[in-house]
Amino acid sequence: MKNHFTSYMNIYIFISVLFLIGIIFGAIIVNSMNFIQKQDLYFYLNQFFQQMMNTDVVSKPTLFWDSLAYHLKYMLLIFILGISVIGMPIITVLLFIKGLVVGFSVGFLVNQMGWYGLLISSVSIAPQNLLIIPIYLIAGALAMIFSITLFRQLFSKRVHQPIMTIFLQYGILFSILIACLVIAAFIEAFLSNQTLEWVVKWLYK
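What you see is a predicted model, and the numbers here were worked out from it, not measured in a lab.

A. The overall build of the protein, seen in detail. If you tally the helices and strands in the protein, you get eight helices and zero strands. Ordered by position from N to C terminus, the α and β elements of the protein give α-α-α-α-α-α-α-α. Counting over 205 residues, the protein shows a buried share of 40%. Contacts in the protein between residues at least 24 apart in sequence constitute 84% of all its contacts with a sequence separation of at least 6. Of the roughly 11900 Å² of accessible surface on the protein, 72% is carried by carbon and sulfur atoms.

B. Up close: the side chain of Ser-121. With respect to the secondary-structure elements, Ser-121 resides in helix H6 (residues 115-124). When its relative accessible area of 5% is taken as the criterion, Ser-121 is described as buried. Side-chain polar atoms of Ser-121 contact the backbone oxygen of Gly-117, separated by 2.9 Å. For Ser-121, the contacting residues outside a window of four places in its chain are Val-106, Leu-109 and Ala-126.

C. Structural view of the packing of H6 against helix H8 (residues 163-203). Where H6 contacts H8, the two axes come as close as 8 Å, and the packing angle between them is 160°. With respect to their mutual orientation, H6 and H8 come out roughly antiparallel. Here Tyr-116, Leu-119, Ile-120, Val-123 and Ser-124 of H6 come into contact with H8, specifically with Ser-192, Thr-195, Leu-196, Val-199, Trp-202 and Leu-203. Here the residues of the contact of H6 with H8 sort into eight nonpolar, three polar and no charged.

D. Main features of the packing of aromatic side chains. A full pass over the atoms with the stated rule returns 15 aromatic pairs. Measuring from centroid to centroid gives 5.2 Å for Phe-79 and Phe-174, while their planes differ by 75°, and the two rings are edge-to-face. With Phe-79 in helix H4 (residues 60-83) and Phe-174 in helix H8, the pair connects residues that are 95 residues apart, well separated along the chain. Phe-79 sits in the buried class, given a relative accessible area of 17%. According to the relative accessible area criterion, Phe-174 is buried, its value standing at 3%. The structure contains a cluster of three or more aromatic residues connected by ring pairs, namely Phe-79, Phe-146, Phe-167, Tyr-170 and Phe-174. In this structure, Lys-98 is placed above the aromatic ring of Tyr-74, and the distance from its NZ or CZ to the ring centre is 5.1 Å.

E. Representation of the pattern of salt bridges in the model. Under the counting rule described, the total for this entry stands at one salt bridge. Between Lys-60 and Glu-197 there is a salt bridge, with its nearest N and O atoms 3.5 Å apart. Note that Lys-60 is positioned in helix H4 and Glu-197 in helix H8, a separation of 137 residues in sequence. For the residue pair Lys-60 and Glu-197, the accessibility class agrees, reading buried in each case.

F. Examining H4 more closely. For H4, with 24 residues, the first-to-last C-alpha span of 35 Å sits near the 34 Å given by 1.5 Å per residue. Of all the positions in H4, only Lys-60, Leu-63, Phe-64, Ser-67, Leu-68, His-71, Tyr-74, Met-75, Ile-78, Phe-79, Leu-81 and Gly-82 are classed as buried. Val-85, located one to two residues past H4, shows a positive phi value of around 70°.

Rules of the game
- The numbers attached to residues start from 1 for each chain and follow its sequence in the written order.
- The predicted nature of this model means local features are confined to residues of pLDDT at least 70 and side-chain atom pairs, given and counted, to a pLDDT of 80 or more, with totals for whole chains, interfaces and linings taken over all residues.
- To get the side-chain values, take all heavy atoms of the structure and skip hydrogens and water.
- Secondary structure counts use DSSP, requiring at least four H or I residues in a row for a helix and at least two E residues in a row for a strand, with both numbered from the N terminus.
- Relative accessibility decides the category of a residue: with a 1.4 Å probe and only protein chains considered, values under 20% of the type maximum give buried, values over 50% give exposed, and everything between is partly exposed.
- Any pair of residues with heavy atoms lying within 4.5 Å of one another is described as a contacting pair.
- Only the protein chains shown count as covering a residue, and every accessible area follows the Shrake-Rupley method with a 1.4 Å probe.
- The term polar contact refers here to a pair of N or O atoms within 3.5 Å; inside protein, the definition further demands a hydrogen-donor-capable atom paired with an acceptor-capable atom, and it admits residues adjacent in sequence only when both atoms are side-chain atoms.
- Helix axes are fitted only over the stretch in contact, all axes being lines through C-alpha atoms; the angle between N-to-C directions runs from 0 to 180 degrees.
- Angles below 35 degrees are treated as roughly parallel, those above 145 as roughly antiparallel, those between 65 and 115 as roughly perpendicular, and all remaining angles as oblique.
- Asp, Glu, Lys and Arg are counted as charged, while Ala, Val, Leu, Ile, Met, Phe, Trp, Tyr, Cys and Pro are counted as nonpolar; the rest, among them Gly, fall into the polar class.
- For Phe, Tyr and Trp, where Trp contributes only its six-membered ring, two rings pair if their centres lie within 6.5 Å, and the inter-plane angle classes them as stacked under 30 degrees, edge-to-face over 60, or tilted in between.
- The rule for a charge over a ring is simple: NZ of Lys or CZ of Arg within 6 Å of the ring centre, and within 35 degrees of the ring normal.
- In what follows, salt bridge is the name for a side-chain nitrogen of Lys or Arg lying within 4 Å of a carboxyl oxygen of Asp or Glu.
- Helix span, as expected, comes to 1.5 Å for every residue beyond the first.

Written out as structure tokens, the structure reads:
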């Protein structure tokens, strides 16, 4: 593992910086929105919070399976793009968008609700993303590394590694990451969602 990270440190740094830039752009988009756009979006957010106070918007098991299905689709897409060799640019775009969504979500809540928005972000977005973000960054890096390795296998005569062995390692690592996403989906559905309900009821009581 140490040799792996040492050999591909530049890719992991690139992926991390790209994701960070996505977060920054998300925050910039919030600040560039006009007053009407912010008010419209805040109206729907407020409606959601009001509905959460009165009823269970969605059952926690349903939320868990929906969250898990979303992450599985995203991971499967990254996995396939890694195999395709030419999918590296799309992988970078997906990770950038992921950062953009996180930055926009947190930025909008803080922009519109101040410290209360920061509190809501801390209980509803942060817990699962402390696990999800590293998983996606590692998955993106692994997909890019596999693409580069596969490219070298196809076009370089000096590289002689069994492709099936490399593919098997790639698949095992992604399986481990997906198993970790099951934990993240559980945290999102049963911990973050419940905590968000408590905070929203406290704020709107």
